[in-house]
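Structure assessment
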Amino acid sequence: WIVLCNAETIMEVMKLRPYKVRRATMIEKAIDSMGFGGVFSAEGHQWKQERRIVAPSLNRKNIVDYFFPAIKIVTKRLITKWKTQEIVVANRDISISALDIIALTILGMDFDTLNNPNSLVSRDVFAIFEIVMLRVMSPLPYWNIPVIGQRLDGGKYHSERVLDTIKDLIKDYRQRVANREQRHERKKFLEKVLALEESSILKQDRMVGNLAILILAEQIHQVTHFLSVCGS
């Protein structure tokens, strides 16, 4: 493993993405096996295409529009929670806060897992993190075993619930748009991504996968960070 610390060198390496420099294949396979295929796990032409599609929705202006209101809401909850606790598990609460911020930003959905750490969606997200880690480290792709493979580690149940939650949210959002309940609101990230699917630029399964992987971004980042530490 090689760790780069020089900004100029890092930029030169990034110019070689996504063909000459790519992520470890095991990460891509593990994430895709859960049904979360998106820009995070894509490589080659697929990565280049989806990055070009998704990136504009995450430019500096949009980040200010999307993230700042969510950060203020969740940070206030975090401070309130810590003020009432004698013992604070900072790393856990910050990780959960990241999930809440991303859910508010990407889906406009308030999971509030900070105050409901044992909610179903919270359990699913953290279970998926552990399952992806297990699959990344596995010497054999046991999840490809016919019929039982996806059920051996429970991945099928957790991933299907997360994907179904996103699909239901998309359906509900489109219904509200059709009823013009959103007409006075600023265009959200979700609406911009849905427009890509409606214009046939992004296929539905990849659109849902990209939304799911953004929700799981904090946990998946921990997987790649762990592998980097182990490798170095």
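As a reminder, the structure under discussion sits directly above these lines.
These figures come from a predicted structure and were not determined experimentally.

Describing the overall build of the protein
Along its length, the protein carries ten helices and zero strands. By the burial criterion, 40% of the 232 residues in the protein qualify as buried. In the protein, of all internal contacts separated by at least 6 residues, the share reaching a separation of at least 24 is 63%. Approximately 13,800 Å² of the protein is accessible, and the part contributed by carbon and sulfur atoms is 58%.

Re the pattern of salt bridges
Summed over all chains, the structure comprises eight salt bridges. Of the charged contacts, one joins Arg135 and Asp153 as a salt bridge, the two residues approaching to 2.9 Å between their closest N and O atoms. Placement of the pair is Arg135 in helix H6 (residues 120–137) and Asp153 in the loop between H6 and helix H7 (155–178), with a sequence separation of 18 residues. With respect to burial, Arg135 and Asp153 carry one shared label: buried.

Quick word on the environment of Trp82
Topologically, Trp82 is positioned in helix H4 (residues 60–83). Judged by relative accessible area, which is 28%, Trp82 ranks as partly exposed. Considering only alpha carbons, one finds Trp82 and Asp93, eleven residues apart in sequence, at a separation of 9.3 Å. Those residues in contact with Trp82 that lie beyond four places of it in its chain are Val88, Ala90, Asp93 and Ile94.

Details of a nonpolar patch on the surface
Taken together, Ile145, Val147, Ile148 and Leu152 make up a surface patch of nonpolar side chains, about 380 Å² in accessible area. Judged by its relative accessible area of 38%, Ile145 is partly exposed.

Side note on helix H5 (residues 90–106)
The end-to-end C-alpha distance of H5, which contains 17 residues, comes to 24 Å, matching closely the 24 Å that a straight helix rising 1.5 Å per residue would cover. With 13 of 17 residues buried, H5 is to be regarded as a mostly interior element.

Brief notes about the nonpolar core
Within the largest apolar cluster, 35 residues are counted, with the highest numbers of intra-cluster contacts made by Phe36, Ile106, Leu107, Ile166, Ile170, Leu211 and Ile215. At the level of elements, helix H2 (25–33), H5, H6, H7, helix H8 (189–198) and helix H9 (204–215) are the ones that each hand at least two residues to this core. Here this core gets seven residues from one element, more than from any other, and that element is H9.

Definitions and limits used
Per chain, the residues get numbers from 1 upward, laid out in the order the sequence is written. For this predicted model, a pLDDT threshold of at least 70 governs which residues receive local features, and a threshold of 80 or more governs which side-chain atom pairs are given and counted, while totals over whole chains, interfaces and linings are taken from all residues. No hydrogens and no water enter the side-chain calculation; it runs on all heavy atoms of the structure. Helix and strand assignments follow DSSP, with helices taken as H or I runs no shorter than four residues and strands as E runs no shorter than two, numbered in order from the N terminus. Remark: exposure states derive from per-residue accessible area (1.4 Å probe, protein chains only) relative to the maximum for the residue type, with buried under 20%, exposed over 50%, and partly exposed in between. Contacts are residue-level and defined by heavy atoms, with any inter-residue pair within 4.5 Å sufficient. All accessible areas in this document rest on Shrake-Rupley with a 1.4 Å probe, and a residue is counted as covered only by the protein chains that are shown. When a carboxyl oxygen of Asp or Glu is within 4 Å of a side-chain nitrogen of Lys or Arg, the pair counts as a salt bridge. Each patch is built from residues that are more than 30% exposed by relative accessible area and take part in no salt bridge. Like charges join if they lie within 9 Å; nonpolar side chains (Val, Leu, Ile, Met, Phe, Trp, Tyr) join within 5 Å. By this rule the span expected of a helix is its residue count minus one, scaled by 1.5 Å. The set of buried Ala, Val, Leu, Ile, Met, Phe, Trp, Tyr and Cys residues whose side-chain atoms join them within 4.5 Å is what this entry labels a nonpolar core.

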